Amino acid sequence: MARPDSAPRSRSRFAMALRRFRANPMAMIGLAILLALVAVAVFGPMWWVYGYAEITPDLSQAPSWAHPLGTDTLGRDMLAMAMRGLQQSLLIAGTVALIASLIGTVLGVISGYIGGLVDASIMRLVDLVLTIPTIALAAFLGNAMSDSGVSWLGLSLVLGALFWTSVARLVRGVSLSLREMPFIKAAKVMGAGPVRIMARHMIPNVADHIIVSTALLVGVAILSETGLSFLGFGVRPPDTSLGLLISNAQTAVLTRPWLFYAPGILIILIVLSINYVGEGLRDAFNPKAAPTNPLVAHRTRAKAGTAVPATRPDAVVDITDFRVTFPNVERPAVDGITLHIARGEVLALVGESGSGKSLTSLAIAGLLPVGAEASGGVRINGEDVTGLGFAQWRRYRGRRIATILQDPSTSLNPVLTIGAQFHETMAVAGPISRTESRRRATELMALMAIRDPESRLDQYPHQMSGGIRQRVVIAMAMIHKPELIIADEPTTALDVTVQAQVLDSLRIAREQTGAAMLFITHDLALVAGVADRVAVMREGRIVEQKPVRDLFAAPEHDYTKRLLSLAPRLDQVASKGAFPRAGEPLLRLEGLSRHFLRPRSKTLSASDRVIHALCDVSFDLMPGETLGIVGESGSGKTTLLNTVLGLLAPSAGRVIFAGEDLAAPKARLKASGDMSVVFQDPYASLDPRMTVRELLAEPAQIHGGRAVAERARRVLDQVRLPASALDRFPHEFSGGQRQRIAIARALMLEPRLVVLDEPVSALDVSIQRDIMALLGELKRELGVAYLLVAHDIAVVAELSDRIGVMYGGQMLELGDTAQVIGAPVHPYTKVLLDAVPVPDPVAERARRDRGRVASWPTPSDPLPACTVSGLHT
Amino acid sequence: MLALIGRRLVNSLAILLVSTFVVFTLVALAGDPLGELRDRQPPVPDSVIAAEEARLGLDQPIPVRYLTWLSGVVRGDFGPSVKPNQNIGAELAPRVGVTLRLVTTAIVIATILALIAGTIAALYRNRIADHLISTSAFILIALPSFWLAVLLKQGGIVVNRMANARILFTVGDISVPAPKEFLPLMLDMAGHLILPTIALTMIHFASWSRYQRTAVVESLSSDHVRFAVLRGLSRNRIVGAHVMRPALIPIVTVVALDLPALLSGAVITETVFQWRGMGGFLLESIANRDANAVMAWLLVAAVAVVMFNLLADIVYAFVDPRVRYGQA
């Protein structure tokens, strides 16, 4: 196979797992012992002089050269019996594990993939088997099967039939989460049937879990089999088993200990080695990032070295020549940065992923990850904080430095009420009564414009929206009037209209406490309205550091200029000509609706249970046209897309593609050759077990294309990837390259419509731009139509001929791009446009002084009720 | 909350009904309780066998037999035994108490030990304490329970012999004759419990402690623990409220799922220590192919498991507000 020059050898995930397994000493020792025991069990009896049933004249002998493990009261050689027992135990346990994992895999995959009633009945069956103590039923069935005791196969069958549940539960769990993976959805959209999806995508991806659980099952099965034999219901004389040997030696522990210890130690050795091998396999297949433990303070190593002098003793934070390196990584993650934050100042730290901005903020809070090696000076108020222990850090954390994390849905404790979390935070400064903490928490939440703060205190985090949760977090940051607030991407996980409110809350928090702020973000546009000073980071270094107006007005470094040029400017959208709309539409939606039902509950009436995820949406999409759908989370844009793609059945209305109603039998399969999809997350939308060649070939295999290899090379060329990519696995590519592969796969069958589901939102800003440019070029070259769905109106505006604005499942406004952006009609479109940050400090601050546009929906002007009833479905 | 319990209860009853039917059918199909009688030499007259068949209801089709059995069970009658003159219910009832004593003690102790050991191992991950706990857990998981039980029993005998006094009880669940007064009776029972409980606890505690370790390691690296640290909370508060509480959810499931295994373990432990518990009853019934007796045993076990799962659901709801508010 022609492989270009020095590209590193491509490794499948399996090969990588094997390498990790070999690097695990405990697992390798376990494997060696296990293999040795298996070898003894298989070859030992052939080679050993005595048979296991043979009676020698040496009665009750202690271990000697002639009988290494001694003999029993009848004169039988213990080594021969132990080897026979080992053989029996391994044979039975291995068979049990195979039978159980076979049944478990099949039922688990079916249950997880098909779901619904099938899943419910299989899971009830599992529950049922799980209520039965294995030994009892196995003993009864084994005993009842035949008078002379049960054969090894019979015993294996009975045990296997009782042990499959653990595998089935595991496989079902994995399958359930796999089913929601974009790569499975992509296969469905391609037109793959359930059998193909289960065999080609599900089973290969649960295989590692099955291997691990089968290995561990062998251990469990050995313990059960020996237990049964011990009780007299497993292997019976004249044959022997390790359990039987122990049973016979019960009363001889003191007089003839060799008879008791040898089989016991053999069992322990087998099970122990199997368990180490199993755990080793699990770790090798699912390498997890080393878990963090924030309770262990990170102590900077270079404490003994010369103390770095403070350069700015008056600053709140003063970082000098700070470096963070990780073992086995050549480039330092943070490479000698010098930074200070003055009292009351807002410093924005801007950079893409991997720039080292988060590590810098973690260092200020004393939470560098385990294994990181840091050097240089970090001073807070002139005090050196490198090398502080956990207790010493508590003088700073919470009281003098407050932190706001990125994701408000995970930063609050799910099992404590908001009030309890406020209380414990306040108690950091000293004991405080419940009434007092409630009073202060209510005040703070009212400041954050949270409605009805008193009752919110008794709620749990999951009962609130993301925006409110983040405002609760900000309110907690204000408690001790800190000198510094660290805000680490505080709005990245939020919708754009919510982002505006949270930024307002942050401003209030800062004004009320007079704190300085370190604002960390990847979005340069956000910085314009927030920061006093900006530091731009790239690959561990600060490339430029300036007051905000100077930075936007006169960027010096090339990287800053590039970032600025990449920031989309909605206020500068070039007015495009209207797309010529004549003839037959490629895709037509007629009154498309989709409802979901909330779980039954006493407090909900029947009609309140209906969620109108998609309500009466209609539009036409012409061949070659791009329609962009924009909406926030919960707007129904994803439901719209899934309904068009056939992943969800509509509750009402029709999807008509190329003149055919897709509800008609076979129409969907036919259409799937002309319709393809690119999902948001390029890490999840490509099956990790397939090479690029296999990934690209899959649509052609389903629809029977010819000259597949030729075509694959051609689409790779179209997405600007080299043909050498064909034999590599997805994990060998960067995020941007993976998205190109996903686009290439979408183009394989020369589709007429490509559905783009947030195609760039998971990518870094600079890569976003490349992918957007690629999509634009492909559209011009190939004349495909795009149905684009995104939360970012700037992305939508750039690619689309027309824009649809969705909220609460309804299409509120639909028009030409220039009209929607330039002269929006619906109040919500205005809100949405107004919330987009402008990358210009002067314009952004002027807009803030002007005030935001009136929000929508309001109690007086609500979202109109959905006219399509969902009750009959 | 009450509605939740009610729903679970109905669900549990349904599972019990189906599972007893399936097991009943299996047990009925698996073998002939009269096989031994038929094979007897010299042959037993056909009329005797027919009478025995009628007494045990073997001449009826299985669904009818199940219904008869079920209606009997509801009235507290577990059906005729192969052994004439044996009332299954009366024989089993005191034994259930004996076994439950062992199993509940073992569950409580094993859960507490697992919580402590797992949490310590996780908090000191990859340090000495963790290596010690994890290695012992691995060895304990690999120990066959019967081997450990025999070893403990012999160890007890050695200790008694050396001290020349009965320090550890190695036989039976209670002294014969049992003490009359309350306090000595309790002490006597507790004394007999020591060794079997250790045998049963060790193995399960070990595997549960592994789950607890994983849960705490995961909990430790979660965002809300990081946020709690950044809010300046004390180490005790963080470990108690933010690390441990969410980590209780997985262990509840694991313990509930393991109850049948514990019952199996109890059978072995009781056999070794010669208790008059459910274990001995089961083994004897199996050897006799006494279908109704085995069914009665399985029914008791299944009820225990279902009840315990119900308890786990309730504990769940207490630990996790998301379950309590029906959005998990």
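All chains use their own residue numbering, which begins from 1 and follows the written sequence. Chains carry letters from A onward and ligands carry numbers from 1 onward, assigned in written order. For this predicted model, a pLDDT threshold of at least 70 governs which residues receive local features, and a threshold of 80 or more governs which side-chain atom pairs are given and counted, while totals over whole chains, interfaces and linings are taken from all residues. To obtain the side-chain values, all non-hydrogen atoms of the structure were included, while hydrogens and water were left out.

1. Focus: the overall build of chain B
Counted only if it meets this: Runs of H or I in DSSP of at least four residues are treated as helices and runs of E of at least two as strands, each being numbered from the N terminus. Three labels apply to residues, based on accessible area from a 1.4 Å probe with only protein chains included: buried if under 20% of the type maximum, exposed if over 50%, partly exposed otherwise in between. We call two residues in contact whenever any of their non-hydrogen atoms come within 4.5 Å of each other. In short, Shrake-Rupley with a 1.4 Å probe defines the accessible areas, and a residue's cover is counted only from the protein chains shown. When charges are counted, Lys and Arg contribute as positive and Asp and Glu as negative, whereas His and the chain ends are disregarded. In this description, the location of a charge corresponds to atom NZ of lysine, CZ of arginine, CG of aspartate or CD of glutamate.
Helix and strand content of chain B: 13 helices and zero strands. Across chain B, helices and strands are ordered from the amino to the carboxyl terminus as α-α-α-α-α-α-α-α-α-α-α-α-α. Counting only C-alpha atoms and orienting by the principal axes, one finds that chain B spans roughly 85 × 60 × 40 Å. Looking at the 328 residues of chain B, the share that counts as buried comes to 53%. Across chain B, contacts joining residues at least 24 apart in sequence account for 74% of those joining residues at least 6 apart. Surface exposure of chain B reaches about 14,900 Å², of which carbon and sulfur atoms provide 68%. A distance of 13 Å separates the average location of the 27 positive side-chain charges in chain B from that of its 21 negative side-chain charges.

2. What to know about helix H11 (residues 278-287) of chain B
In an α-helix, one full turn covers 3.6 residues, which means residues spaced three or four apart are oriented alike. Residue and element names in this part refer to chain B. Counted residue by residue, H11 has seven buried out of ten residues, so it is predominantly covered. Looking at H11, one finds that the buried residues are Met278, Gly279, Phe281, Leu282, Leu283, Ser285 and Ile286. Two residues or fewer after H11 comes arginine 289, characterised by a positive phi angle close to 55 degrees.

3. Description of the side chain of glutamate 345 of chain A
Residues and elements named next belong to chain A. The cut-off we apply is this: Each polar contact in these results corresponds to two N or O atoms within 3.5 Å; when the atoms are within protein, one needs to be able to donate a hydrogen and the other to accept it, and residues that are neighboring in sequence are counted only if both atoms are side-chain atoms.
Considering the arrangement of structural elements, one finds glutamate 345 in the loop between strand S2 (334-341) and strand S3 (346-350). Of note is the side chain of glutamate 345, whose polar atom sits 2.4 Å from the side chain of arginine 533. When residues no more than four places from it in sequence are discounted, the contact partners of glutamate 345 are His340, Ala516, Met517, Asp532 and Arg533.

4. Quick notes on the packing of aromatic side chains
Cut-off, in case you're wondering: Pairing of aromatic side chains here covers Phe, Tyr and the six-membered ring of Trp, requires ring centres within 6.5 Å, and sorts the geometry by plane angle: under 30 degrees stacked, over 60 edge-to-face, intermediate tilted. We call a charge positioned above a ring when the Lys NZ or Arg CZ atom is no farther than 6 Å from the ring centre and deviates by at most 35 degrees from the ring normal.
Tallied over the full model, the rule gives 15 aromatic pairs over all chains. Aromatic side chains tryptophan 47 of chain A and tryptophan 48 of chain A sit 5.6 Å apart centroid to centroid with 40 degrees between the ring planes, which places their arrangement in the tilted category. Judged by its relative accessible area of 14%, tryptophan 48 of chain A falls in the buried class. What links up through ring pairs into an aromatic cluster is the set Phe21, Phe24, Tyr66 and Trp69 of chain B. We note arginine 728 of chain A situated over the ring of phenylalanine 733 of chain A; from NZ or CZ to the ring centre the distance is 5.9 Å. For the cation-ring pair, arginine 235 of chain B lies above phenylalanine 390 of chain A, with the distance from its terminal atom to the ring centre recorded as 4.6 Å.

5. A look at the UniProt feature "domain: ABC transmembrane type-1" (unreviewed entry) in chain B
Put simply, the rule reads: UniProt positions are given in the numbering used here, feature names are shortened, and annotations may be inferred rather than shown by experiment.
According to UniProt, the feature "domain: ABC transmembrane type-1" (unreviewed entry) maps to residues 96-316 of chain B in the numbering used here. Along residues 96-316 of chain B one finds 83% helix and 0% strand; the C-alpha atoms at either end are 27 Å apart.

6. Side note on the packing of helix H1 (residues 13-22) of chain A against helix H10 (residues 257-285) of chain A
All names here are of chain A. Operational definition: To obtain an axis, a line is fitted to C-alpha atoms, over the contacting stretch when the element is a helix, and the angle between two such axes runs from 0 to 180 degrees between their N-to-C directions. Angular relationships are summarised with four words: roughly parallel below 35 degrees, roughly antiparallel beyond 145, roughly perpendicular across 65 to 115, and oblique for the angles in between. Each helix crossing is assigned a hand: it is left-handed if the near helix lies turned anticlockwise from the far helix by less than a right angle, otherwise right-handed if that turn is clockwise. For this classification, the nonpolar set comprises Ala, Val, Leu, Ile, Met, Phe, Trp, Tyr, Cys and Pro, the charged set comprises Asp, Glu, Lys and Arg, and every other residue, Gly included, is treated as polar.
Packing of H1 against H10 brings their axes to within 8 Å, and their N-to-C directions diverge by 130 degrees. Overall, the two elements H1 and H10 adopt an arrangement that is oblique. Pair H1 / H10 crosses with right-handed handedness. Between H1 and H10, the contacting residues are Phe14, Ala17, Arg20 and Phe21 on the first element and Val277, Gly280, Leu281, Asp283, Ala284 and Phe285 on the second. When its residues are assigned to classes, the contact of H1 with H10 shows seven nonpolar, one polar and two charged.

7. A few points about the domain arrangement of chain B
Residues and elements named next belong to chain B. Rules: These domain boundaries are the output of an automatic or database domain assignment. In this description, buried area is defined as the sum, over both parts, of the accessible area (probe of 1.4 Å) that is lost when the two are combined. We define a salt bridge as a side-chain nitrogen of Lys or Arg found within 4 Å of a carboxyl oxygen belonging to Asp or Glu.
If you check the domain split of chain B, you get domain 1 (1-75) and domain 2 (99-324). The C-alpha centroid of domain 2 is placed 32 Å from the C-alpha centroid of domain 1. Taken together, the contact between domain 1 and domain 2 spans 15 residues of the former and 15 residues of the latter. Carbon and sulfur atoms make up 83% of the surface buried where domain 1 meets domain 2, a total of about 1,500 Å² over both sides. Viewed at the interface, domain 2 and domain 1 are joined by zero salt bridges. Residue assignment for the side of domain 1 that touches domain 2 shows that the elements contributing at least two residues are helix H1 (2-30) and helix H4 (62-74). For the side of domain 1 that touches domain 2, the element with the most residues is H1, which contributes ten residues. Considered class by class, the residues forming the side of domain 1 that touches domain 2 number eleven nonpolar, two polar and two charged.

8. Re the UniProt feature "transmembrane region" (unreviewed entry) in chain B
Residue and element names in this part refer to chain B. UniProt feature "transmembrane region" (unreviewed entry): in the numbering of this structure it lies at residues 12-31, 102-124, 131-152, 182-203, 247-275 and 295-319. Note that residues 182-203 is 100% helix and 0% strand, and that its end C-alpha atoms are spaced 32 Å apart. Taken end to end, residues 247-275 has its terminal C-alpha atoms 36 Å apart, with 90% of it in helix and 0% in strand.

9. Quick word on the confidence of the model for chain A
Residue and element names in this part refer to chain A. Operational definition: pLDDT is defined as a per-residue confidence score from the predictor, taking values between 0 and 100.
Per-residue confidence for chain A gives a mean pLDDT of 86, with 93% of residues at or over 70. Across residues 1-8, where pLDDT falls below 50, the model places five contacts with residues more than four positions away in sequence or in other chains. Here residues 300-305 scores under 50 on pLDDT; set against residues more than four positions off or in separate chains, the count is nine contacts.

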